[in-house]
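Examining the three-dimensional arrangement
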Amino acid sequence: MILNLALGSNSSTDIQGKFKNSSSKQLVEVAAEQKHVNYHLCLFQYQLVRILFLIVKYKMRSVKPYSFFDTKGKLALASELHTHPYISNDVDAKIVNSRKLFFTKALNSIMNQVKNPTSIRAKLSEDINESLSTVFNLSKEMEVDSEFIKLYYCCLLYALDYHYEAEKILHGIKEVELFASQLLIVIGHKVNEVLEKNKDPNLIAILSTNLKSWLKSLGPPDYRVHTISSKQAFLELIGIVLHRLPDSFAEYKIATELLDFLENPLFKL
């Protein structure tokens, strides 16, 4: 297959036959006789290769890779590499949304493989970073909103208390209010986890009615949550939220109540 791609031939049988019938020719001469490969089509088909790589490596289920391409895109994926089919990432909203869902699922699958950090300054492994780079580059090529990807990934990092890694992404996020709202939910899931493990009636008693109702409304998270034994890490997260949310937002009131709760001496990890 690699040889086919390099020479642009229709089949490996064609190549083998030409090698046998042209023993007097140099390899470069044989290669020069082949049809020119369409570089843009190669890159387009490479998108599918990387999608399949992520699906297989992280055992992602119920994913239909061809659903991320429209009819013309599917035809291009089945085309010979020397041809010039119509190629475009200008697809309808349904396909755009399916791509977004795939990349969020890919990020979740990758982050499920990381080790629980013992410090907020922990770093991700080289293998994880390579897979993440694949997601970032591929989503950019497939014209998925980069802001959406950055925001979601940053929340996943904070959910696992990889603060050092999250800070690298944080300052590049433009939709700061939306990010703060999403990060507030992450904090809520962390608080729920602490309350479930602690089960201290005195701790639950200091929750305001409003805060208790909001925490209950969150339900189970659709991503992995890990909390290290650091009250300071909690306060750092709530500080990020309060710094980015306008005080006119309903979430701002929730954030201030959370801050009061986290600062209470009864709140311990």
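Residues numbered from 1 in each chain as written. Predicted model: local features only at pLDDT ≥ 70, side-chain atom pairs only at ≥ 80, totals over all residues. Heavy atoms only, no water.

**Thoughts on the pattern of salt bridges**
Counted according to the given criterion, the structure contains 7 salt bridges. A salt bridge links Glu-167 to Arg-121, with the nearest nitrogen and oxygen atoms 3.3 Å apart. Note that Glu-167 is positioned in helix H9 (residues 163–170) and Arg-121 in the loop between helix H6 (93–111) and helix H7 (126–141), a separation of 46 residues in sequence. Given the relative accessible area of 26%, Glu-167 is considered partly exposed. (Salt bridge = Lys/Arg side-chain N within 4 Å of Asp/Glu carboxyl O. Helix = DSSP H or I, 4+ residues; strand = E, 2+ residues; numbered from the N terminus. Buried < 20%, exposed > 50% of the residue type's maximum accessible area, 1.4 Å probe, protein only.)

**Some details on the packing of H6 against helix H8 (residues 146–159)**
A packed helix pair is summarised by two numbers, namely the angle formed by the two axes and the spacing between the axes. Running from N to C, H6 and H8 cross one another at 25°; their axes reach a closest spacing of 11 Å. Regarding the angle of H6 to H8, the classification is roughly parallel. Crossing handedness for the pair H6 and H8: right-handed. Packed against H6, whose contacting residues are Lys-100, Phe-103, Thr-104, Leu-107, Asn-108 and Met-111, the element H8 presents Phe-148, Ile-149, Tyr-152, Tyr-153, Leu-156 and Leu-157 at the interface. When its residues are assigned to classes, the contact of H6 with H8 shows 9 nonpolar, 2 polar and 1 charged. (Axes fitted to C-alpha atoms, helices over the stretch in contact; angles between N-to-C directions. Parallel < 35°, antiparallel > 145°, perpendicular 65-115°, else oblique. Left-handed = near helix turned anticlockwise from the far one by under 90°. Contact = heavy atoms within 4.5 Å. Nonpolar A, V, L, I, M, F, W, Y, C, P; charged D, E, K, R; others polar.)

**A look at the packing of aromatic side chains**
For the structure shown, the criterion picks out 7 aromatic pairs. Judged by centre distance (5.2 Å) and plane angle (65°), the ring pair of Phe-102 and Phe-103 falls under edge-to-face. Taking relative accessible area as the criterion, Phe-103 reaches 1% and is therefore assigned buried. Cluster of aromatic residues (ring-pair linked, three or more members): Phe-68, Phe-102 and Phe-103. In this structure, Lys-72 packs its charged tip against the face of Tyr-86, placed 4.8 Å from the ring centre. A cation over a ring is seen here: Arg-99 above Phe-69, with NZ or CZ 5.8 Å from the ring centre. (Phe/Tyr/Trp six-rings, centres within 6.5 Å; stacked < 30°, edge-to-face > 60°. Lys NZ or Arg CZ within 6 Å of the ring centre and 35° of its normal.)

**Section: the confidence of the model for the protein chain**
Caution applies to low-pLDDT parts of the model: their predicted coordinates are not meant to be read in detail. Residues with a pLDDT of 70 or more make up 91% of the protein chain, whose mean pLDDT is 91. The secondary structure element of the protein chain with the lowest average pLDDT is helix H1 (residues 2–7), at 37, and the one with the highest is H8, at 98. Taken together, the stretch residues 1–12 has pLDDT below 50 and engages in 22 contacts with residues farther than four places along the chain or on a different chain. (pLDDT = per-residue confidence, 0-100.)

**As for the side chain of Gln-34**
Here Gln-34 is to be found in the loop between helix H3 (27–32) and helix H4 (39–57). Overall, the relative accessible area of 8% leaves Gln-34 in the buried class.

**Remarks on the side chain of Asp-161**
Following the sequence through the fold, Asp-161 ends up in the loop between H8 and H9. On the basis of relative accessibility, which here comes to 2%, the residue Asp-161 falls in the buried class. Not counting the four nearest positions on each side in its chain, Asp-161 is found in contact with Pro-117, Ser-119, Ile-120, Lys-190, His-226, Thr-227, Ile-228 and Leu-237.

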